[in-house]
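Chain residues, written in single-letter form:
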Amino acid sequence: MQQTDDMEVPLLNDSNSNRQKSLAQERDGFCHQLKDSEGSMESPNLEFEYGDTDGFTAELSELYSYTEEPEFSLNRDYFEEDFKNHVKGRRWMELSLEEQRAYVMRLLDALEVTDRDKRLKVARAILYLAQGVFDECDTETDVLYWSRHNVFLLYDMGIFTALLELLSMEIDNNQACSTAVRKPAISLADSTELRVLLSIMYLMVETIRVEMEGDSPERKAAREAFKTELGSPLYNGEPFALLLFTMVTKFCSMNAPHFPMKKVLLLLWKTILFTLGGFEELQEMKVRMRGQLNLPPLPEDSIKVVRNMRAASPPASAMELIEQQQQQKRGRRSRRPLVKQDSLDTYNERDPFKNDDARDEEDDPEDVDSGIEGEVDPLDRDVIIQPPPPPPPLRPPTERVSFPKGLPWAPKVREKDIEHFLETSRNKFIGFTLGNDIDTLVGLPRPIHESVKTLKQHKYVSIAEVQIKREEELQQCPMTMGEEEVEETPAEILYLGMLPSLSQYVIALLKLLLAAAPTSKAKTDSINILADVLPEEMPITVLQSMKLGIDVNRHKEIIVKAISALLLLLLKHFKLNHIYQFDYVAQHLVFANCIPLILKFFNQNIMSYISAKNSICALDFPHCVVHEMPELTAESLEAGDSNQFCWRNLFSCINLLRILNKITKWKHSRTMMLVVFKSAPILKRALKVKQAMMQLYVLKLLKIQTKYLGRQWRKSNMKTMSAIYQKVRHRLNDDWAYGNDIDARPWDFQAEECALRESIEKFNTRRYDKNQNTEFTPVDNCLQSVLGQRVDLPEDFHYSYEMWLEREVFSQPIQWEGLLQAQ
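Just so we're clear, the structure is a prediction, and the values are computed from it rather than from any experiment.

A short note on the nonpolar core
In terms of nonpolar packing, the biggest core is built from 197 residues, with Trp92, Phe240, Leu512, Phe602 and Met694 touching the most fellow members. The element contributing the most residues to this core is helix α26 (residues 542-577), with 16 residues. When neighbours within four sequence positions are excluded, tryptophan 92 is seen to be in contact with Phe79, Phe83, Gln100, Tyr103, Val104, Leu129, Val133, Glu136, Trp146, Asn150 and Leu153. Membership of the second largest hydrophobic core comes to nine residues, among which are Val413, Leu422, Ile438 and Leu455.

Now the structure itself:
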């Protein structure tokens, strides 16, 4: 290598000095923009394990805003005031179980008083019990133990049902709603009763939902009973989740701006998670359902495969690219900076199927392409400019990395793909086709036989394909097939309840997601999601302002986390329950602009979002109620926690990418929306996050649109293409990397969505519209029966029936001979 001094000597002549200066300024600007986040060399591997939720303590702490901190002592004071009046000289922990039950029963009776203030004090005392009587505890573990003990006790005593009645009263409290609508600024005080009720219910749902190792049989039975209770239509004929959905739509319609949306969304998400099941339960249900439908087992467990994946190195940063461009202009080829790379990176850089001679040919500077398609913002250049490939490594061949054997996913082939392959082959070799026949191979050459054999070995029939075929049969033969027996699963009950207002629910959730997205600009007419975080008195010191700023950002992050997890769960469960239920929700999401909304969310400095430190550990529950509060300073708030990344933000990003994958998969019209909205640069920037699962879903989204992006894009992004090849499942005859047949296949996107919508409407009408008056209604052919039926006639008919007879009967000539001849 040459000396550094030599490399710094400018090779540009004096006439180009201005250009050199502007280039240096541009580089400095890029350095300033990207100094903390998006450089590929600074991107660390993130030790993140994706799951249904974060740790139990983290999920509890996110229920409370930091501005609610004074209310912890308020709950304790109300409890102790009441407890000392009835149980003198003793503490809660010293009571026997029967004495505790008796006291809870007394609180339950006190909840039924008409005085609103007294009711609130009792509810606060119950909340203190659910929070673990922290004043009697010395450690956080003690708080969590007693919280769990008390929550099961409260459930056993029927507290949840009583709280539900109070919650319904608060939702229908028109006076509180009208008062909140008229107020110019809504604060924490406007939602006090609702926050207390929702906090108790959330603690009960979350605590009972999480199974612990030492749980007694009684607790396990209580968990199953509570799960069934929440998922059944026991509350006014609908599941509990529907009540919370109603709160969401009422809030978004501006009729109840004081509703504490964060708590509502967290409770709604955990209720759906509890009643329908998480990702591992979904996998078990999928395996079980495939067995019931006599389908082959799944080729692999997708959860385990993703967890064993390694992250690839991100695309080169703008700084590296500018340096490489300078070096090209100097007529010099230099090695890239020495970076520690994992085996996957090396695999990407060195193609094991090419020898060194071929690799040397690839290094020809004439083949290096750093062109840009269209006008691009300078900060996006790192997304679309491909750096020149590095020269062969200097180490001897014996030290080369051993490449992974095989690819992570088993390849899949759809029956439709085999049909298309055989149709093309028959047209080419025989000159005619046989329709949907995939077995007859007469007249085809031997290599085609081998190809079909390989395709059939990897043929995968999904549950959705079976459901669509079954639905077509039910539509075509409604009389012979009989009525379908629909299993009353929790997902089915929930869909039936959501069906009448599903579009409103979807639009409301997306409105909240938009309001909470960090890229959204504050608008005066947008919904105010900060009702349950802003204090009555605004901060007056810098420290208070910083604390509130962190609280507001944290509040928005938690809302994004809850909505993204909720939507993903609904899509996955409805897809398993019936494909058309999934398609109905997905189509509403698409029509409500979910695709551009998610792309807008990712059109930010994603590394900064994932590494955001919007939390104050000292104020998190249960830490803040057990330990002495340290003195907060501006420096400590700025420093944040010591975590490498923010779990909830990375979780939200993966959820949103999975939602985008789900609603665009196999839908060409929606794939074209990704292309039209220029999602490729946005998604490629997200690859800078070195987390395998997030990279996988980004690469999936890039793969489905690669053929539409043009040859120049593919040529400039070969490292991304290699990563797609390595990480994403292969469809054996998918032409994703070339796109040769794009021009010959003009998709009618509107017709595609309309056909899908028609199929969904037919499904919903057949299965859920019980009052339909169709052509299959039985006809009464008995003359006596028909004439004997009582017909309700309008009142004015009695006054004009003679005129009606004259006009409709007597004045109409009847050709009796013609009728007889027709017989």
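Focus: the pattern of salt bridges
Using the criterion set out here, one finds 40 salt bridges in the structure. Among the salt bridges present, the one from glutamate 62 reaches lysine 561, with a minimum N-O distance of 2.7 Å. You can see glutamate 62 sitting in the loop between α3 (56-61) and α4 (70-86) and its partner lysine 561 sitting in helix α26, a full 499 residues away along the chain. Given a relative accessible area of 3%, glutamate 62 falls into the buried group.

Description of the packing of helix α8 (residues 159-171) against helix α12 (residues 240-252)
Their axes nearest at 12 Å, the elements α8 and α12 cross at an angle of 25 degrees. What the angle tells us is that α8 and α12 run roughly parallel. Once α8 is placed against α12, the crossing between them reads as left-handed. Counting all contacts with α8, which are made through Phe160, Leu164, Leu167, Ser168 and Ile171, the residues of α12 involved are Phe240, Leu243, Met247 and Lys250. Here the contact of α8 with α12 is built from residues that sort into seven nonpolar, one polar and one charged.

Some remarks on helix α37 (residues 718-727)
The element α37 is largely enclosed, with a buried count of seven among its ten residues. Listing the buried residues of α37 in full gives Lys719, Thr720, Met721, Ala723, Ile724, Gln726 and Lys727.

Some thoughts on the packing of helix α25 (residues 502-516) against α26
The N-to-C vectors of α25 and α26 enclose an angle of 145 degrees; their axes lie 9 Å apart at closest approach. Considering the relative orientation of α25 and α26, their crossing is left-handed. Contacts between α25 and α26 involve Leu509, Leu510, Leu512, Leu513, Ala515 and Ala516 on the former and, on the latter, Lys556, Ile559, Val560, Ile563, Leu566 and Leu567. In the contact of α25 with α26, the residues fall into eleven nonpolar, no polar and one charged.

Some points on helix α32 (residues 647-664)
Across its 18 residues, α32 extends 26 Å between first and last C-alpha, which sits within 8% of the 26 Å expected from 1.5 Å per residue. Counting buried residues in α32 gives 18 out of 18 residues, a clear majority hidden from the surface. Just beyond α32, the residue with positive phi is tryptophan 666, at close to 65 degrees.

Comments concerning the confidence of the model for the protein chain
When pLDDT is low, close inspection of the predicted coordinates is not appropriate. In this model, the protein chain carries an average pLDDT of 81, and 80% of its residues clear a pLDDT of 70 or more. The weakest mean pLDDT in the protein chain belongs to helix α18 (residues 356-362) at 36; the strongest belongs to helix α27 (residues 579-591) at 97. This stretch, residues 1-42, has a pLDDT under 50; its non-local contacts, to residues over four places away or in other chains, come to 46 contacts. With pLDDT under 50 throughout, residues 332-404 is counted as low confidence; its partners more than four residues away or in other chains account for 117 contacts.

Thresholds, definitions, all that
- Residues numbered from 1 in each chain as written.
- Predicted model: local features only at pLDDT ≥ 70, side-chain atom pairs only at ≥ 80, totals over all residues.
- Heavy atoms only, no water.
- Core = buried A, V, L, I, M, F, W, Y, C linked by side-chain atoms within 4.5 Å.
- Buried < 20%, exposed > 50% of the residue type's maximum accessible area, 1.4 Å probe, protein only.
- Helix = DSSP H or I, 4+ residues; strand = E, 2+ residues; numbered from the N terminus.
- Contact = heavy atoms within 4.5 Å.
- Salt bridge = Lys/Arg side-chain N within 4 Å of Asp/Glu carboxyl O.
- Axes fitted to C-alpha atoms, helices over the stretch in contact; angles between N-to-C directions.
- Parallel < 35°, antiparallel > 145°, perpendicular 65-115°, else oblique.
- Left-handed = near helix turned anticlockwise from the far one by under 90°.
- Nonpolar A, V, L, I, M, F, W, Y, C, P; charged D, E, K, R; others polar.
- Expected span 1.5 Å × (residues − 1).
- pLDDT = per-residue confidence, 0-100.

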